Amino acid sequence: MSTASDLETDNLTDPLVREEETELAGKGKVITLDAPGTGARDTWRAMGPGIAAAMTGIGASHIMHGPTAGAQYEYALLWIIPFAYLMKYCAFEFAHRYTLVRGESIMEAYGRVGKWPFWYLGFQSLVNTFGIAGRALGCAALLWAAFPFLPLEIWALVILVACVGILWAGKYAALEGAVKIAIIVFAGASLIAFLLQMPSPSEYMGRLLPTLPPIGAAILFGAMFGYFPTTVEVSPMQSNWAVDKKTGMVKVRELERQGYKVDLAPNYMRNYFTLFKRDMNISYIISMLTGIAFLIVGAVVLFPKGIVPAKAEMGTTIAFMYTETFGAWIFPVIIAGGVSALFSTVFTYFDGQARIFEECCVRLNSVWDEPRMRKLLYRGFQVLWVIAGAAIIYGLPRPIFVVQIASVLALLFSPVIYWLNIRAVKENFTEQDAEFLPSKLMFTWAWCGTIGLGIISLYVLYLQFLS
C-alpha cells in the first residue's frame, strides 16, 4: 500500500496534474487536473480494473466449466454464457462506475446500508475457500499433466503458498508481464482452435436460446451461471482496484484530503468515463467470446469421443483439445497459458478477497482500523485460506467437482451483492453526479439481472434437492 508521502509524490509527478504556485486565501495550493486523452494509447493505459475482473473469469469458468459443458452436453448449455454475461453486466459496471464518480470504494456505500453487508461479505469470503481450492486444483491439474513427478495435491499446495509468498514479498509486478503474455497466447490459441474446428453455425446458433438444462446437469447449470463471466463478489474487488488505479474522482478526493484545492478541466470526468466504459466493454466482450469458444471446442473435440474433463486427468484432457487440432507441439504452449490463467485467478482472488475480508473486519470493529491491524487481518485471512484450502484439496481432490460446488455457492450469494450495487449507485449519487447516473433502462437491466439470478438460484436448489 502507498503511504501519504508516496501519494503526494505521485500526484506531483502525474502528467495530468499541474500545481499552481499561488496560494488561495490561505487555503493551500491549487492543483489543476487535466482531462486524460481518449486515443488508443490512452485507452490501453487506462485499462486495468476491467481486465483484472475479466482475468478472474478466464480461469475456472472458461478452462474448466466451458470444456466440461461442451464435452458432456455438446451445445445444450451454450446459451448460458451470453445470458450470464448480460445478466451480470450491471453488477460490475455499477461498482466500477460508483468508484469513478464518487471517488471511493463501493464498500463505503455498503456501510451506509448498515453493518449486515459486512457480515454477509465476510461470511462469503470464508465460504469462498472452496473457490480458491478448486482453482488451485485446476491449475495443479495442468501442471501435473506436464510434470507428473509430484502428486496433484502437492502441486495445488505449491500454488497456494506461492501466491501468498509473492503477495507478501510484493514481487508480482515482476511476473505480471510474462503472465499476461502467456494468457494472451492461450486465449489466442483457443480462438484459433475454435476457428479451425468451427462447426457450421447452424449446429449451435439455435442453442443460444434458453432451454431447460439436460437431466443430471443441475450442478453444472448453476455453476456456469455462478462463474461466468466471473463471480459477482468480484464487483467490490473491481471497485477496490479502481481506487488503486486513481482514476476519475478518486484522484480528486485524494488531493483534497492532502489539503489542496482542485480545479478540473472541462472534460475531465467525461473523458475518464469514456475510458472506463471502454475498459469494461472491451474486457467483457473478449472474455465472453473466449468462453463461448472454449465450450464449442470442447463440444467438437471431446463430445464425439466421450471424453469429459475429470479428476487429476483434467489437465491432460484440456490439452488434448488443442493437440488434436494443432499437434503435439502446442502442448507446452497450452500448459503454460492455462497455468498462467488459473494462477492469475488464484492470485487475484487471494489479494481481492483478502482486501474485502479486511475491510469488513475494520468496518465492524473500528478499533482495528489502523495499518498494523489491517496488515494482520489481510495476511491472516490468506494463511487461513491456505490451511482450509489444503484441507479441501486433500479431502476432495477433484478439480472440476470442487469448482462446481464453489460456483453454485457463488451463485447463491450473488443476488444480494448485486442489489447492494444497485442501491449504492441509486442512493449515493448527488445532483452534481446526475450526468453519470445510469439510465432508467440500465436500472431496469440491473433489476432483471438481480431477480434473474435469484430465480436461477432457487431453480438450481429445486433441481438438486427437491426434484
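Note that the coordinates shown come from a computational prediction; the quantities given were computed from them, not determined experimentally. (Residues numbered from 1 in each chain as written. Predicted model: local features only at pLDDT ≥ 70, side-chain atom pairs only at ≥ 80, totals over all residues. Heavy atoms only, no water.)

S.K.: Please clarify how the overall build of the chain should be interpreted in this entry.
M.R.: Helix and strand counts for the chain stand at 20 helices and three strands. In the chain, which comprises 467 residues, the share counted as buried stands at 57%. Sequence-distant contacts, at least 24 apart, represent 83% of the contacts inside the chain between residues at least 6 apart. Per element, the accessible surface of the chain, about 19,500 Å² overall, is 65% carbon and sulfur. (Helix = DSSP H or I, 4+ residues; strand = E, 2+ residues; numbered from the N terminus. Buried < 20%, exposed > 50% of the residue type's maximum accessible area, 1.4 Å probe, protein only. Contact = heavy atoms within 4.5 Å. Areas by Shrake-Rupley, 256 points an atom, 1.4 Å probe, with all protein chains shown as cover.)

S.K.: I keep staring at helix H14 (residues 249-257) and nothing clicks. Help me out?
M.R.: Spacing of three or four residues puts side chains on the same side of an α-helix, whose turn is 3.6 residues. Looking at H14, one finds that the buried residues are Met249, Val250, Lys251, Val252, Glu254 and Leu255. After H14 finishes, the residue Gly259 shows a positive phi value of roughly 95°.

S.K.: Just checking my understanding: could you explain the packing of helix H5 (residues 80-102) against helix H19 (residues 399-428) for this structure?
M.R.: Helices that pack against each other are described as a pair by the angle of their axes relative to one another and the distance between those axes. In contact at an axis separation of 9 Å, H5 and H19 are set at 40° when each is read in the N-to-C sense. Classed by the angle they form, the pair H5 and H19 counts as oblique. Viewed along their axes, H5 and H19 form a crossing whose handedness is left-handed. On H19, the residues that touch Met87, Lys88, Tyr89, Cys90, Ala91, Phe94, Ala95, Tyr98 and Arg102 of H5 are Tyr418, Asn421, Ile422, Ala424, Val425 and Asn428. Considered class by class, the residues forming the contact of H5 with H19 number eleven nonpolar, two polar and two charged. (Axes fitted to C-alpha atoms, helices over the stretch in contact; angles between N-to-C directions. Parallel < 35°, antiparallel > 145°, perpendicular 65-115°, else oblique. Left-handed = near helix turned anticlockwise from the far one by under 90°. Nonpolar A, V, L, I, M, F, W, Y, C, P; charged D, E, K, R; others polar.)

S.K.: What is the right way to look at the nonpolar core in this model?
M.R.: Looking at soluble globular proteins, one finds that nonpolar side chains tend to be buried together. The biggest cluster of nonpolar side chains holds 145 residues, and the ones touching the most others in it are Ile159, Met224, Phe225, Tyr322 and Phe350. At 16 residues, helix H17 (residues 331-364) tops the list of elements feeding residues into this core. Those residues within four positions of Phe350 in sequence are excluded, and the remaining contacts are Ile132, Leu160, Cys163, Val164, Leu167, Gln382, Trp385 and Val386. (Core = buried A, V, L, I, M, F, W, Y, C linked by side-chain atoms within 4.5 Å.)

S.K.: I tried to follow unusual backbone geometry on my own but got confused; where do I start?
M.R.: The bulk of non-glycine residues show a negative phi, and the bulk of peptide bonds are trans. The residue after Phe228, namely Pro229, is reached through a cis peptide bond having omega -10°. One non-glycine residue with positive phi stands out, namely Glu74, at about 55°. As for its position among the elements, Glu74 is in the loop between helix H4 (60-73) and H5.

S.K.: Where do I start with a nonpolar patch on the surface in this structure?
M.R.: A contiguous nonpolar surface patch, about 640 Å² in accessible area, is contributed by Leu412, Leu458, Leu461, Tyr462, Phe465 and Leu466. Tallying contributions element by element places helix H20 (residues 440-466) first for the nonpolar patch, with five residues. Considering the arrangement of structural elements, one finds Leu458 in helix H20. (Patch = residues over 30% accessible without salt bridge, like charges linked within 9 Å, V, L, I, M, F, W, Y side chains within 5 Å. Salt bridge = Lys/Arg side-chain N within 4 Å of Asp/Glu carboxyl O.)

S.K.: Is there a simple way to explain helix H9 (residues 152-169) in this structure?
M.R.: An ideal rise of 1.5 Å per residue puts 26 Å on 18 residues; H9 measures up with 26 Å between its terminal C-alpha atoms. For H9, the complete set of buried residues consists of Leu152, Glu153, Trp155, Ala156, Ile159, Leu160, Cys163, Val164, Ile166 and Leu167. Gly170 sits one or two residues past H9 and shows a positive phi near 65°. (Expected span 1.5 Å × (residues − 1).)

S.K.: Would you mind showing me how to read the pattern of salt bridges here?
M.R.: Two side chains bearing opposite charge may form a pair once their charged atoms approach each other closely. Scanning all chains against the criterion turns up 16 salt bridges. Residues participating in the shared-partner salt-bridge network are Glu108, Glu358, Glu359, Arg363, Asp369 and Arg374.

S.K.: I keep staring at the packing of aromatic side chains and nothing clicks. Help me out?
M.R.: Tallied over the full model, the rule gives 24 aromatic pairs. When the centroid spacing of 5.5 Å and the interplanar angle of 80° are considered together, the rings of Trp79 and Phe83 count as edge-to-face. Grouped by ring-pair contacts, the aromatic residues Trp79, Phe83, Phe221, Phe225 and Tyr459 constitute a single cluster. Its end group placed over the ring of Tyr349, Arg135 keeps NZ or CZ at 3.8 Å from the ring centre. Over the face of the ring belonging to Phe401 we find Arg398, whose NZ or CZ atom lies 4.7 Å from the ring centre. (Phe/Tyr/Trp six-rings, centres within 6.5 Å; stacked < 30°, edge-to-face > 60°. Lys NZ or Arg CZ within 6 Å of the ring centre and 35° of its normal.)

S.K.: Just checking my understanding: could you explain the confidence of the model for the chain for this structure?
M.R.: Regions with low pLDDT carry predicted coordinates that are not meant to be interpreted in detail. Scored by pLDDT, the chain has a mean of 85; 87% of the residues are at 70 or more. Confidence, expressed as mean pLDDT per element, reaches its minimum in the chain at helix H1 (residues 4-13) with 42 and its maximum at helix H6 (residues 106-113) with 95. A low-confidence stretch, residues 1-13 stays under pLDDT 50, and its non-local contacts, those more than four residues away or across chains, total 17 contacts. Low pLDDT (under 50) marks residues 19-26, which in the prediction has 15 contacts with non-local residues, meaning those over four places away or in another chain. (pLDDT = per-residue confidence, 0-100.)

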